Amino acid sequence: MAHEHKLAIFRGAVKFKSNVSKIWGVFAFLSIVTIIEVALGIIRPAFLIDTHFLALKLLNWIFILLTIVKAYYITWDFMHMRDETTGLRRAVIWTSIFLIAYLVVLVLIEGDYIFEVYKSGFIKFDF
Amino acid sequence: MEATVVKTGTEDKTWGGGNQPLKASYGKMMMWFFIVSDALTFSGFLASYGFSRFKFVDAWPIADEVFTHFPFLHGVEAPMYYVAFMTFILIFSSVTMVLAVDAGHKMKQNKVILYLFLTIIGGLIFLGSQAWEWATFIKGDYGAIETRGGQIIQFLDKEGERVAIRDFVAINDADRIPQTRENGLWFVQDSEYLPSVTFNQVKEGFLANDNLLVRLQHKDEHGHHIILSREESIAKVVNDGQLVVEGANLRHNEYGHPLFANFFFFITGFHGFHVATGVLINIIIFFNVILGTYERRHSYEMVEKVGLYWHFVDLVWVFVFTFFYLV
């Protein structure tokens, strides 16, 4: 069986000798990211909580970013997306990302709108 | 990837299913498309969680206040540690799964058996951990009062430390009279939800302890719960209080908004259901590997397919972890 694995991660910056060592390397990376997340979640540094960017706390952006990084490496290396053809990869990834981003953005804006309506005494706009 | 396991009899028919532009077998591609649709289901759930959270953003409990327990460490505040442990278990079982897939590519039956076994054990540990997490959440911690409007108010001492209801309420069953057939009340049932103390007992205990304050479900602009003065606290409990809440269920939640509990049960429950089916499928494949089914097929692609599902379950947990415990 000719299973060719691409053994370089981080855009070729790290190259592993075998597939097994790549798996352990990715595991180490995912562990480090998780430890950073948990540490930030316990400490909750004040300046990251008080700084807001695009309606979210900076800390929450960091969490979401790190989650997407983890999701990328799980999909690319554990699920072997890195070794699939471009067509399969795009059919799966682009479809999901487009639909999920669309849904999440609309639904969160709507939730925030209802929050404002409740807060301002059930009148959001008053001509 | 030319070694497709399942022969469909269409290999030479270009327009009859014989062509494979994506160079993936039928089974593997269907697993990928199932994963896409399942990912959309989960994102629908998580998006609706986000919707409700944004809707009640100033009254939403954060996980640091809710999940503070670790097994065998009673009374120790340990937020996040247990769920971090669960995350590691699941990531590690993903690693053993991908090692099993790798061993399958090399046709090493014994290694596949070992790694699949470790994967199944990891899945079972995760499920057990989740059961413990649920049990702790359902059982509750300090207890709280629900107001007529459905708000949760919690008790603090003057130093700002949480105080459990059981610590200031004299527990007696005087209010509860057993009904027997002789009373002619055999058809009267207990209400579905029965806390260990009644609201009146809590009210008396609260009025008798001068150093108790209450804090509201709502938060100020810095994200801290609003704490009332003693006079305001008494007014709040006496005028608005209605019900004692201990722990969480689908209607009441001592930690805050009941929707938080609903989403927690639903989303982690749905994920746990996926883990359970994943373990079941892994066990079936595990026995197939032991029986040598894939040796005879000269391909361990089935391990790869269930592996995809298992990694997907891990992937979903990464998101559930972020949106329930971190954000």
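Anything mentioned here points back to the structure above.
Just so it is clear, the structure is predicted and the values come from calculations on it, not from any experiment. (Residues numbered from 1 in each chain as written. Chains lettered and ligands numbered in written order. Predicted model: local features only at pLDDT ≥ 70, side-chain atom pairs only at ≥ 80, totals over all residues.)

A short note on the overall build of chain A
Just so we agree on the cut-off: Helix numbers and strand numbers start at the N terminus; a helix is a DSSP run of H or I with at least 4 residues, a strand a run of E with at least 2. For this measure, only C-alpha atoms enter the radius of gyration; the expected value for a globule follows 2.2 Å times N^0.38, where N is the number of residues. Exposure is read from a count of other C-beta atoms within 10 Å of each residue's own; the residue is exposed at 12 or fewer, buried at 20 or more and partly exposed in between. C-beta atoms are placed from the backbone. Here, residues touch in the contact sense if the C-beta positions derived from the backbone fall within 7 Å of one another.
Counting its secondary structure elements, chain A contains 4 helices and 4 strands. Seen in sequence order, chain A has helices and strands lined up from the N terminus as β-β-α-α-β-β-α-α. Computed over the C-alpha atoms, the radius of gyration of chain A is 20 Å, more than 25% above the 14 Å expected from 2.2 N^0.38 for a compact globule of 127 residues. The principal-axis extent of the C-alpha atoms belonging to chain A is close to 70 × 35 × 20 Å. For chain A, with 127 residues in total, the buried portion stands at 19%. In chain A, the share of contacts with a sequence separation of at least 24, taken over all contacts with a separation of at least 6, comes to 37%.

Digging into the overall build of chain B
Of regular secondary structure, chain B possesses 11 helices and 5 strands. Taken against the 2.2 N^0.38 rule, which gives 20 Å for 327 residues, the C-alpha radius of gyration of chain B at 26 Å runs more than 25% over that of a compact globule. Seen through its C-alpha atoms, chain B measures out along the principal axes to roughly 85 × 55 × 40 Å. Long-range pairs, those at least 24 residues apart, make up 68% of the contacts in chain B between residues at least 6 apart in sequence.

A look at the nonpolar core
Selection rule: As used here, a nonpolar core is made of buried Ala, Val, Leu, Ile, Met, Phe, Trp, Tyr and Cys residues. They are joined through C-beta atoms within 7 Å.
In this structure, A100(B) and V303(B) are the most contacted members of the largest nonpolar core, which totals 74 residues. Sorting the residues of this core by element identifies α1 (19–43) and α3 (58–78) of chain A together with α2 (26–55), α3 (63–66), α4 (81–105), α5 (109–139), α9 (258–291) and α11 (301–326) of chain B as the ones contributing at least two each. The element contributing the most residues to this core is α11(B), with 18 residues. Apart from residues no more than four positions distant in its own chain, V303(B) is found in contact with A100(B), V101(B), G104(B), V112(B), I285(B) and Y294(B). Counting 16 residues, the second-largest nonpolar core is a separate cluster that includes I145(B), V163(B), V202(B) and F206(B).

Considering the interface of chain B and chain A
Put simply, the rule is: Three residue categories are used. Nonpolar comprises Ala, Val, Leu, Ile, Met, Phe, Trp, Tyr, Cys and Pro, charged comprises Asp, Glu, Lys and Arg, and polar comprises the others, including Gly.
If you look at the interface, chain B gives 43 residues, while chain A gives 41 residues. Secondary-structure elements contributing two or more residues to the side of chain B that touches chain A are α2, α4 and α11 of chain B. Looking at the side of chain B that touches chain A element by element, the count peaks at 13 residues for α2(B). Per-class residue counts for the side of chain B that touches chain A are 27 nonpolar, 11 polar and 5 charged.

Examining the packing of α5(B) against α9(B)
Residue and element names in this part refer to chain B. Condition: To obtain an axis, a line is fitted to C-alpha atoms, over the contacting stretch when the element is a helix, and the angle between two such axes runs from 0 to 180 degrees between their N-to-C directions. These descriptions rest on fixed angle ranges, namely under 35 degrees for roughly parallel, over 145 for roughly antiparallel, 65 to 115 for roughly perpendicular, and the rest for oblique. Handedness of a helix crossing follows the sense of rotation of the near helix relative to the far helix, less than a right angle counterclockwise being left-handed and clockwise being right-handed.
α9 packs onto α5 with a crossing angle of 155° between their chain directions and a minimal axis gap of 9 Å. Between α5 and α9, the interaxial angle falls into the category roughly antiparallel. Where α5 crosses over α9, the handedness of that crossing is left-handed. Here the contact of α5 with α9 is composed, by residue class, of 18 nonpolar, 8 polar and no charged.

Some details on the sheet that holds strand β1 (residues 144–147) of chain B
Two pairing modes exist for strands in a sheet, parallel and antiparallel, and in both the strands are linked by backbone hydrogen bonds. Residues and elements named next belong to chain B. Selection criterion: Here the rule is simple: two strands pair whenever DSSP picks up at least two bridges between them.
Pairing within the open sheet is antiparallel, and its 5 strands lie in the order β4-β3-β2-β1-β5. The sheet is open, and its two edges are formed by β4 (225–227) and β5 (241–245), each paired on a single side. Looking at each pair of strands side by side, their axes are set apart by 40° on average, direction ignored. Examined bridge by bridge, β1 and β5 share 4 bridges and lie antiparallel to one another. Its bridge partner lying in β5, A144 is registered against V245. The strands that helix α7 (residues 199–208) touches are β1, β3 (212–219) and β5; relative to β5, the one it contacts most, it runs at about 100°.

Some thoughts on the environment of H271(B)
All names here are of chain B. Its place among the elements puts H271 in helix α9. Look at H271 and you get buried, because 22 C-beta atoms sit within 10 Å. For the pair H271 and W317, spaced 46 residues apart in sequence, the C-alpha separation works out to 7.3 Å. Non-local contacts of H271, meaning those with residues more than four positions away in its chain, are made with V316, W317 and V320.

Description of α11(B)
The cut-off we apply is this: For a helix, the expected span equals 1.5 Å multiplied by the residue count minus one.
Here α11(B) is 26 residues long and its end C-alpha atoms lie 36 Å apart, about the 38 Å a rise of 1.5 Å per residue gives. Burial runs high along α11(B): 25 of the 26 residues are buried.

Digging into unusual backbone geometry
Residues and elements named next belong to chain B. The phi dihedral of M107 is positive, around 60°, even though this residue is not glycine. Following the sequence through the fold, M107 ends up in the loop between α4 and α5. Look at M107 and you get partly exposed, because 14 C-beta atoms sit within 10 Å. Phi at H298 is positive, roughly 60°, even though this residue is not glycine. When you line up the elements, H298 lands in the loop between α10 (293–297) and α11.

Comments concerning the environment of L228(B)
Residues and elements named next belong to chain B. Looking at where L228 falls in the secondary structure, it is placed in the loop between β4 and α8 (230–240). Sequence separation between L228 and G149 is 79 residues; the distance between their C-alpha atoms is 18 Å. When near neighbours in sequence (up to four residues on either side) are disregarded, L228 contacts L213, V214, L216, S233 and K236.

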